[in-house]
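Residue-level listing of the chains:
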Amino acid sequence: MKFAVLVFPGSNCDIDCYKAVEDTIGQSVDYVWHTATDLSAYDAILVPGGFSYGDYLRCGAIARFAPVMNEVVKAAEQGKFILGICNGFQILTEAGLLPGALRRNSGMKFICAQTQLEVVNHTSAFTSEYNAGEIIDIPIAHGEGNYYCDEETLAQLKTNNQIVFRYAGDTNPNGSIENIAGICNERGNVVGMMPHPERAVDEILGSADGKRMFTSILNAWREQHGAAVNG
């Protein structure tokens, strides 16, 4: 399996994503610059966190128009796996690949902390290694992670099982509607989340709960290609 990690001016979690793929599941991974115009060689695309283009205008609003995003849209239409983390989530909403928007945290402060998430949808290509309702420990680091959508969109998210993660219990750190921490598109091949699974792939980091997101993606790809993950 081959992964692309997109790099925009201001990305700062690209190395984390690269190392998570390389060290956690041992698959091929490349950095791909924001000016790229061909992603056909890749099976999965990671849109990392950071401050793309300095977060001017709105978070992700400029990155959404980078040349590579045209290719991300094509990849999504082809059913390839796309994971947007933090700023990557914001970029995916700005690009229309995921519904809703990310607003300033309700407390108006940047928050960097370990956060407990509830796995709501464990049937997606990104979460098959988790159990339904499982509580996992994944860090956050954002100032604009307050997910919002209108009532009609929220109803659709629930009906289509598109809510992938919620902040567990009363731990909602940013005011996100219905404690939503991550969602997917209706097809299930595009996921956006504010917490950082790439920063939770080894106990030395404080948690290894994020590792199973990467093994889930690899499993899904290998199932498509008639193989199973070994080990």
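One can find the structure itself at the top, above this paragraph.
The structure displayed is predicted, hence computed values, not measured ones. (Residues numbered from 1 in each chain as written. Predicted model: local features only at pLDDT ≥ 70, side-chain atom pairs only at ≥ 80, totals over all residues. Heavy atoms only, no water.)

### Observations concerning the packing of aromatic side chains
- The tally for this structure, following the rule as stated, stands at four aromatic pairs.
- Ring centres of F81 and F126 lie 6.1 Å apart, and the angle between their planes is 85 degrees; on these two criteria the pair is classed as edge-to-face. Here the residue F81 occupies a position in strand β4 (residues 81-85), and F126 occupies one in the loop between β6 (111-119) and β7 (135-142), the gap between them amounting to 45 residues. F126 carries the same exposure label as F81, and that label is buried.
- When the ring centre of F65 is taken as reference, the NZ or CZ atom of R64 above it lies at 4.7 Å. (Phe/Tyr/Trp six-rings, centres within 6.5 Å; stacked < 30°, edge-to-face > 60°. Helix = DSSP H or I, 4+ residues; strand = E, 2+ residues; numbered from the N terminus. Buried < 20%, exposed > 50% of the residue type's maximum accessible area, 1.4 Å probe, protein only. Lys NZ or Arg CZ within 6 Å of the ring centre and 35° of its normal.)

### Some points on the packing of helix α1 (residues 14-25) against helix α5 (residues 211-224)
- The contact between α1 and α5 brings their axes to 10 Å, and the two run at 75 degrees. Compared by their axis directions, α1 and α5 come out roughly perpendicular. Judged by residue contacts, A20, V21, T24 and I25 of α1 engage K211, F214, T215 and L218 from α5.
- Across the contact of α1 with α5, the residue classes tally to five nonpolar, two polar and one charged. (Axes fitted to C-alpha atoms, helices over the stretch in contact; angles between N-to-C directions. Parallel < 35°, antiparallel > 145°, perpendicular 65-115°, else oblique. Contact = heavy atoms within 4.5 Å. Nonpolar A, V, L, I, M, F, W, Y, C, P; charged D, E, K, R; others polar.)

### Structural notes on helix α2 (residues 67-77)
- Those residues of α2 lying buried are V68, M69, E71, V72, A75 and A76. Across the axial projection of α2, the buried residues extend over an arc of 155 degrees, all falling on one side.
- The inward-facing, buried residues of α2 contact β1 (2-7), β2 (28-33), β3 (44-47), β4, α3 (87-94) and β11 (190-193).
- Backbone geometry just after α2 places G79 at a positive phi near 90 degrees. (Arc of directions from axis to C-beta.)

### Looking at unusual backbone geometry
- In this structure, D55 is a non-glycine residue whose phi angle is positive, near 55 degrees.
- Summarising the element assignment, D55 is placed in the loop between β3 and α2.
- Judged by its relative accessible area of 17%, D55 falls in the buried class.
- Here C86, not a glycine, exhibits a phi torsion of approximately 60 degrees, which is positive.

### Thoughts on the layout of surface pockets
- Estimates place the volume of the largest pocket at around 180 Å³.
- If you go around the largest pocket, you meet 16 residues; those closest to its centre are G50, F51, F110, A141 and H142.
- Those elements giving two or more residues to the lining of the largest pocket turn out to be α3 and β7.
- Across the lining of the largest pocket, the residue classes tally to six nonpolar, seven polar and three charged. (1 Å grid on protein atoms, 1.4 Å probe; cavity = no way out; pocket = protein on both sides within 12 Å on 5 of 7 lines; lining within 4 Å. Points joined across faces, edges and corners; volume = space filled by probe spheres on them.)

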